[in-house]
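# Structure assessment
Chain by chain, the residues:
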Amino acid sequence: MDYDFLIIGGGIAGISCAARLSHAGKVLVLEAEDALAHHASGRSAALYEPRYGLGPVVALSMASGDYFRSAKDVLSPRGMMIVGQAHEAAQFEADATDMDLVPISLDAARAIVPILNPDTVAHVALADHAWDIDTDLLLQGFARQARAQGAEILTKAPVTAIARDGAGWRVTTAQGDFSARILVNASGAWADMVAGMAGVAPLGFTPLRRSMARIPAPGGLDISRWPMIFGAGETWYSKPDAGALIVSPAEEHLTTPHDAFADDMVLAEGLARYEEMVTEPVTRMLANWAGLRTFSPDRVPVIGFDRHSPGFFWLAGQGGYGFQSAPAASQLAADLLTGTASAMDPDVIATLSPNRFA
Ligand SMILES: Cc1cc2nc3c(=O)[nH]c(=O)nc-3n(C[C@H](O)[C@H](O)[C@H](O)COP(=O)(O)OP(=O)(O)OC[C@H]3O[C@@H](n4cnc5c(N)ncnc54)[C@H](O)[C@@H]3O)c2cc1C
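All values derive from a computational prediction rather than experimental measurement.

Definitions and cut-offs
- Residues numbered from 1 in each chain as written.
- Predicted model: local features only at pLDDT ≥ 70, side-chain atom pairs only at ≥ 80, totals over all residues.
- Heavy atoms only, no water.
- Near = heavy atom within 4 Å.
- Polar contact = N/O pair within 3.5 Å; in protein donor to acceptor, adjacent residues only side chain to side chain.
- Areas by Shrake-Rupley, 256 points an atom, 1.4 Å probe, with all protein chains shown as cover.
- Helix = DSSP H or I, 4+ residues; strand = E, 2+ residues; numbered from the N terminus.
- Nonpolar A, V, L, I, M, F, W, Y, C, P; charged D, E, K, R; others polar.
- Domains from an automatic or database assignment.
- Salt bridge = Lys/Arg side-chain N within 4 Å of Asp/Glu carboxyl O.
- Buried < 20%, exposed > 50% of the residue type's maximum accessible area, 1.4 Å probe, protein only.
- Core = buried A, V, L, I, M, F, W, Y, C linked by side-chain atoms within 4.5 Å.
- Contact = heavy atoms within 4.5 Å.
- Buried area = accessible area lost by both parts, 1.4 Å probe.
- Phe/Tyr/Trp six-rings, centres within 6.5 Å; stacked < 30°, edge-to-face > 60°.
- Lys NZ or Arg CZ within 6 Å of the ring centre and 35° of its normal.

## Quick word on the site of the ligand
Around the ligand, the structure places 40 residues, and the nearest of them are Glu31, Ser41, Leu47, Val159 and Gln324. One nitrogen or oxygen atom from the side chain of Glu31 is found 2.7 Å from an oxygen atom belonging to the ligand. Contacts to the ligand include Phe323, whose backbone N or O atom sits 2.9 Å from an oxygen atom. Isolated, the ligand exposes 1000 Å² of accessible area, and the fraction of that covered by the protein chains is 96%. Among the secondary structure elements, those contributing two or more residues to the shell around the ligand are α1 (12-21), α7 (191-197), β13 (206-215) and β18 (287-295). Considering each element in turn, the shell around the ligand owes the most residues, 3 residues, to β18. Each residue belonging to the shell around the ligand can be placed in one class, and the counts come to 21 nonpolar, 14 polar and 5 charged. When residues of the shell around the ligand are sorted by domain, at least three fall in each of domain 1 (3-46 + 135-204 + 298-357) and domain 2 (80-127 + 206-295).

Here it is, written out as structure tokens:
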């Protein structure tokens with residue numbers, strides 16, 4: 001065998017896994033695109049709010065905290081605010097409770113974000129436990145660690161065929177064939193397609209498109225210290241981004257794996273929901289993009305060996321949490337791949353296992 005571990009996918013999942021694994025064997029990462037993080041990992045809102053998501057996701061994100069805090073300059077303070085209209089009281093309260101935000105008065109909120117619209121904003125809650133992630137720094141740090149430990153990372157290497165090779169696997173790419181003992185499927189939106197190539201039953205992943213608009217700082221204000229703001233029920237969100245503001249309609253449109261782009265109508269409707277809650281109209285869009293948030297059927301990531309297909313390992317379905325959970329998810333993946341005891345709660349490991357579906 002050429003390698004011990006062959007990882008398909010050069011997003012945050014595949015690269016962080018390579019970093020955690022490369023001390024334990026020969027690792028090769030194959031990425032189809034010209035550069036790493038071309039798809040979901042290059043298009044995120046880059047937030048670390050460990051209370052965001054379902055229980056097992058929160059467990060992974062919380063367990064990632066030590067790594068984030070010790071990684072120089074990867075996190076910077078952001079904070080989170082939820083705003084709701086009078087008729088959204090129940091949803092607002094549920095969101096604020098779930099993510100542990102404290103209700104504050106509209107006056108206090110307008111002292112932080114002066115453009116909140118007093119005619120429509122009836123409820124506001126705030127928390128400081130949310131941070132910006134420098135996603136490029138995080139990913140490049142993992143890539144550096146992987147390469148320093150001997151891992152190879154090949155771009156422009158789409159895997160087009162996968163076959164059994166004795167006890168392991170042989171994959172075909174534009175840059176040649178490679179064999180490995182263990183195959184790690186970290187191919188994001190393409191996870192079921194990659195499984196299909198290997199003759200492994202798909203788990204039913206759904207790529208859900210989410211769009212983003214970048215607009216100039218409202219009113220020319222200094223917005224650098226504004227928190228990320230969510231409309232109650234996640235009907236839109238905004239976040240300062242390098243002097244501008246990104247606003248997302250927060251849609252979840254079912255699609256197929258592809259190089260995603262924003263839908264103009266969805267963007268316009270999302271910007272209208274944002275505009276309703278602020279006093280500064282959107283007059284110009286600087287840029288827009290979209291990415292795919294890929295979920296498993298129960299919206300919990302899938303980390304573990306496929307019990308029906310020896311040597312096939314799933315690291316997929318990170319949904320909207322792939323960065324904030326990456327440090328712990330990659331450590332768990334490496335522990336399972338190398339048969340090392342994990343610090344993660346066994347119940348959480350069971351809820352992440354692909355075997356919950358079959
Ligand atoms: C709009 C948006 C906002 C988000 N906000 C946040 C946030 O604030 N915080 C957070 O933690 N997460 C957020 N996320 C989620 C996060 O971006 C994803 O969970 C994460 O990037 C998924 O990483 P990945 O490596 O699994 O997938 P990807 O980055 O998509 O990587 C998979 C890679 O596999 C490659 N691949 C596929 N098939 C093959 C093949 N046959 N051969 C070779 N390579 C192949 C693809 O080219 C791709 O590069 C957001 C996502 C979106 C879209």
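Right, picking up where we left off after that structure.
## So, the pattern of salt bridges
In this structure the tally under the stated criterion is 16 salt bridges. Note that Arg210 is salt-bridged to Glu234, the shortest N-O span being 2.8 Å. Taken together, the residues Arg210 in strand β13 and Glu234 in the loop between β14 (228-231) and β15 (237-241) connect sequence positions 24 residues apart. Overall, Arg210 belongs to the buried group, its relative accessible area being 6%.

## Let's talk about the nonpolar core
If you look at the biggest cluster of nonpolar residues, it comprises 46 residues, and the most contacted ones within it are Ile7, Ile303 and Leu315. Elements supplying a minimum of two residues to this core: β1 (3-8), α1, β2 (27-30), α6 (135-148), β12 (176-185), β20 (312-316), α9 (326-338) and α10 (346-352). When residues no more than four places from it in sequence are discounted, the contact partners of Ile303 are Leu60, Phe313, Trp314, Leu315, Ala329, Leu332, Ala333, Leu336, Leu352, Ser353 and Pro354. Counting 27 residues, the second-largest nonpolar core is a separate cluster that includes Ala109, Val113, Trp226 and Leu267.

## Section: the environment of Pro103
By secondary structure assignment, the location of Pro103 is in strand β6 (residues 102-104). Judged by relative accessible area, Pro103 falls into the exposed class, the value being 58%. Once the C-alpha coordinates of Pro103 and Met81 are considered, the two residues, 22 residues apart in sequence, prove to be 9.3 Å apart. Not counting chain neighbours up to four residues away, the residues in contact with Pro103 comprise Val124 and Ala125.

## A short note on the domain arrangement of the protein
According to the domain assignment, the protein contains domain 1 (3-46 + 135-204 + 298-357) and domain 2 (80-127 + 206-295). For domain 1 versus domain 2, the separation of C-alpha centres amounts to 32 Å. Contact residues are listed per partner, giving 18 residues for domain 1 and 20 residues for domain 2. Across the interface of domain 1 and domain 2, roughly 1400 Å² is buried in total on both sides, 55% from carbon and sulfur atoms. A per-residue breakdown of the area domain 1 buries against domain 2 is headed by Arg43, Ala45 and Arg299, which together make up 41% of the total. In this structure, the connection of domain 1 to domain 2 is made through 2 salt bridges. Close ionic contact of Glu252 with Arg299 constitutes a salt bridge, the shortest N to O distance being 2.9 Å. Counting across the domain 1 and domain 2 interface gives 8 residue pairs in polar contact (both at pLDDT 80 or more). Residue composition of the side of domain 1 that touches domain 2, grouped by class: 7 nonpolar, 9 polar and 2 charged.

## Let's talk about the packing of aromatic side chains
This structure, assessed with the given rule, holds 13 aromatic pairs. Pairing Phe295 with Tyr321 gives two aromatic rings, centres 6.4 Å apart and planes at 80°, and the pair type is edge-to-face. Taken together, the residues span a long stretch of sequence, with Phe295 in strand β18 and Tyr321 in the loop between β20 and α9 at a distance of 26 residues. Judged by its relative accessible area of 1%, Phe295 falls in the buried class. Ring geometry for Phe312 against Trp314: centres 5.3 Å apart, planes inclined by 75°, an arrangement best described as edge-to-face. Ring pairing ties together the aromatic residues Tyr52, Phe230, Tyr237, Phe295 and Tyr321, which thus form one cluster. In this structure, Lys26 packs its charged tip against the face of Tyr3, placed 4.9 Å from the ring centre. Above the face of the Phe295 ring, Arg299 is positioned so that its terminal group lies 3.9 Å from the ring centre.

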